[in-house]
Amino acid sequence: MMDDDALSAPEQPAPEHLVLQQAAQWFAVLSDEEVSREEVDQWQRWLGAHPEHQRAWQYVERIGQRFQQAQTRAGRTGASQVLTSSRRDRLTRRRLLQGGVIGVAAWFSWRFTPLPAAAQNLVSTWTADHRSAFGEIRQFALADGGQLWLNSASAVDIHYRDDRREIHLHSGEILIQTAQDPAHRPFVVITSQGNLHALGTRFTVQQRDRDTLLAVYEGAVAITTRDGNTQTIRAGQQTVFDTHAIDQPQTASRAREVWSKGLIVADHIPLQDLVAELGRYRHGYLGIDPAVANIPVIGTFPANQPDHALAMLEDALPVRIHRVLPWWIAVMPKNDPEEIN
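Quick summary incoming for the structure in this document.

As a further point, take the pairing of strand β6 (residues 187–190). Burial along β6 is two-sided: the residues Phe 187 and Val 189 and Val 188 and Ile 190 are all buried. Where strand β5 (residues 165–177) meets β6, 4 bridges bridge the pair, whose relative direction is parallel. Opposite Glu 166, over in β6, you have Val 188 as the bridge partner. Bridge count for β6 against strand β7 (residues 194–207) is 4 bridges, and the pairing is antiparallel. Among the inter-strand pairings, Val 189 is bridged to a residue of β7, identified as Leu 196. In this antiparallel pair of consecutive strands, β6 and β7, the connection spans 3 residues.

Once that is clear, we can look at the pattern of salt bridges. For the coordinates displayed, the defined rule picks out 13 salt bridges. Between Arg 165 and Asp 144 there is a salt bridge, with its nearest N and O atoms 2.6 Å apart. Of this pair, Arg 165 sits in strand β5 while Asp 144 sits in the loop between β2 (138–141) and β3 (147–150), and the two are 21 residues apart along the sequence. Here Glu 277 and Arg 280 are joined by a salt bridge, their closest N and O atoms 2.8 Å apart. The same class applies to Glu 277 as to Arg 280, namely buried. Residues joined in a network through salt bridges with shared partners are Arg 161, Asp 163, Arg 164 and Glu 166.

Next up on the list: the nonpolar core. By size, the foremost hydrophobic cluster in this structure holds 26 residues, and its most contacted members are Leu 271, Leu 278, Val 297, Leu 310, Leu 313 and Val 331. Those elements giving two or more residues to this core turn out to be β12 (263–270), α8 (271–278), β13 (285–288), β14 (296–302), α9 (306–316), β15 (319–325) and β16 (328–333). For this core, the element with the most residues is α8, which contributes 4 residues. Residues contacting Val 331, with those up to four places away along its chain left out, are Leu 271, Val 275, Gly 287, Ile 288, Asp 289, Val 292, Leu 310, Val 319, Arg 320 and Ile 321.

Spatial strand order, β13-β16-β15: 3 strands in an open sheet with mixed pairing. Looking along the sheet, the strands with just one partner apiece sit at the ends: β13 and β15. Within this sheet the neighbouring strands show an average axis-to-axis angle of 20°, counted without direction. The sheet contact formed by β13 and β16 spans 4 bridges and is parallel. Considered in β16, the bridge of Tyr 285 is made with Trp 328. Each of β13, β15 and β16 is contacted by α8, which is oriented at about 180° to β13, the strand it contacts most. Contacts from α9 reach β13, β15 and β16, with the element oriented near 140° to β15.

Consecutive side chains along a regular strand alternate between the two faces of the sheet. In terms of strand pairing, strand β8 (residues 212–225) meets strand β9 (residues 230–234) through 5 bridges, oriented antiparallel. Bridge pairing in β9 links Ile 223 to Gln 231.

Where helix α2 (residues 17–31) meets helix α3 (residues 37–48), the axes come as close as 11 Å, and the angle between the chain directions of the two elements is 155°. Put simply, α2 runs roughly antiparallel to α3. Crossing of α2 over α3 shows left-handed handedness. Of the residues in α3, those touching α2 at Val 19, Gln 22, Ala 23, Trp 26, Val 29 and Leu 30 are Glu 39, Val 40, Gln 42, Trp 43 and Trp 46. Taken together, the residues that form the contact of α2 with α3 break down as 8 nonpolar, 2 polar and 1 charged.

On to the packing of aromatic side chains, then. Evaluation of the coordinates by the stated rule reveals 7 aromatic pairs. A centroid spacing of 5.0 Å and a plane angle of 50° characterise the contact between Trp 43 and Trp 57, whose relative ring orientation is tilted. Of this pair, Trp 43 sits in helix α3 while Trp 57 is found in helix α4 (residues 51–73), placing the two residues 14 residues apart along the sequence. Summarising the burial analysis for this pair, Trp 43 and Trp 57 share the class buried. Consider the rings of Tyr 285 and Trp 328, whose centres lie 3.8 Å apart with planes at 20°: the pair is stacked. Placement of the pair is Tyr 285 in strand β13 and Trp 328 in strand β16, with a sequence separation of 43 residues. On the accessibility criterion, Tyr 285 (11% relative accessible area) is buried. In textbook terms, an aromatic cluster arises when at least three aromatic residues are bridged by ring pairs, as seen for Phe 27, Trp 43, Trp 57, Tyr 59, Tyr 285, Trp 327 and Trp 328.

Calculation notes
- Residues numbered from 1 in each chain as written.
- Predicted model: local features only at pLDDT ≥ 70, side-chain atom pairs only at ≥ 80, totals over all residues.
- Heavy atoms only, no water.
- Buried < 20%, exposed > 50% of the residue type's maximum accessible area, 1.4 Å probe, protein only.
- Helix = DSSP H or I, 4+ residues; strand = E, 2+ residues; numbered from the N terminus.
- Pairing = 2+ DSSP bridges.
- Salt bridge = Lys/Arg side-chain N within 4 Å of Asp/Glu carboxyl O.
- Core = buried A, V, L, I, M, F, W, Y, C linked by side-chain atoms within 4.5 Å.
- Contact = heavy atoms within 4.5 Å.
- Axes fitted to C-alpha atoms, helices over the stretch in contact; angles between N-to-C directions.
- Parallel < 35°, antiparallel > 145°, perpendicular 65-115°, else oblique.
- Left-handed = near helix turned anticlockwise from the far one by under 90°.
- Nonpolar A, V, L, I, M, F, W, Y, C, P; charged D, E, K, R; others polar.
- Phe/Tyr/Trp six-rings, centres within 6.5 Å; stacked < 30°, edge-to-face > 60°.

Right under this line is the structure:
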């Protein structure tokens, strides 16, 4: 069982792209039931060659574990399938560990390292009043006549009391169109970093790992951070805030609002930004090679069909989509080699 500090602690930055790709390819090799003793030995030599190799391996294992959990929660994996997979996983690990460089204690230390942000998101999602699955966008009416949209993998609690209308955003992103309330109750959105007091408005709120992104399209929203700093963001502005400070407002991008229609609009943005956005709509890992990260992209892409969007990119840009595992995809230079080094 993890304590509250473990749940809220930030995750370390991911290892660099090349090492992650090598780890993912080794994971694919070792997942094959026909893996040879020579391949296991090669993997062990790679793993012991540098601490970053071990950290990358741990990272890939985490993604695989989350993917399996997501499949189970979504009902796509039956109980017997999970048990069979678990038994096979234990047998495979036992075979790899026999006579290996890495001890059992070290392996299980990596295998079950707590996932603070992931654990927090799972708890919030399981217990939330309303939630959306990966790739799903939901819209529903609020009790006062307002409208709420949930972006992919989002979770909220809604509490309408006699003196206050309150939405608690646990994870993901929401778009809100408020309505006039006959009782004149305040409308407040709560995130991990502070409270947002809506002043007759249409706005989006995204709960990120360490901060909150607010974009206002109509009316105004007053921010109060956990530390008590305040600022009002008006229509046509957006900002990012954490528990301590509020960034200088910038011009709000209308592209941030169209996800409610199932679209992602790229208006001359770096490819890495588009890939990061597409990653919000599919389970597993979606990465990009730094060599193609800054290619400018213009276009409109289907948010609920991220694999189709990736195929569009592959047709239009000098990139290829490298699928190492069903849940591990990387956008690579078109002529980049695939072999493990």
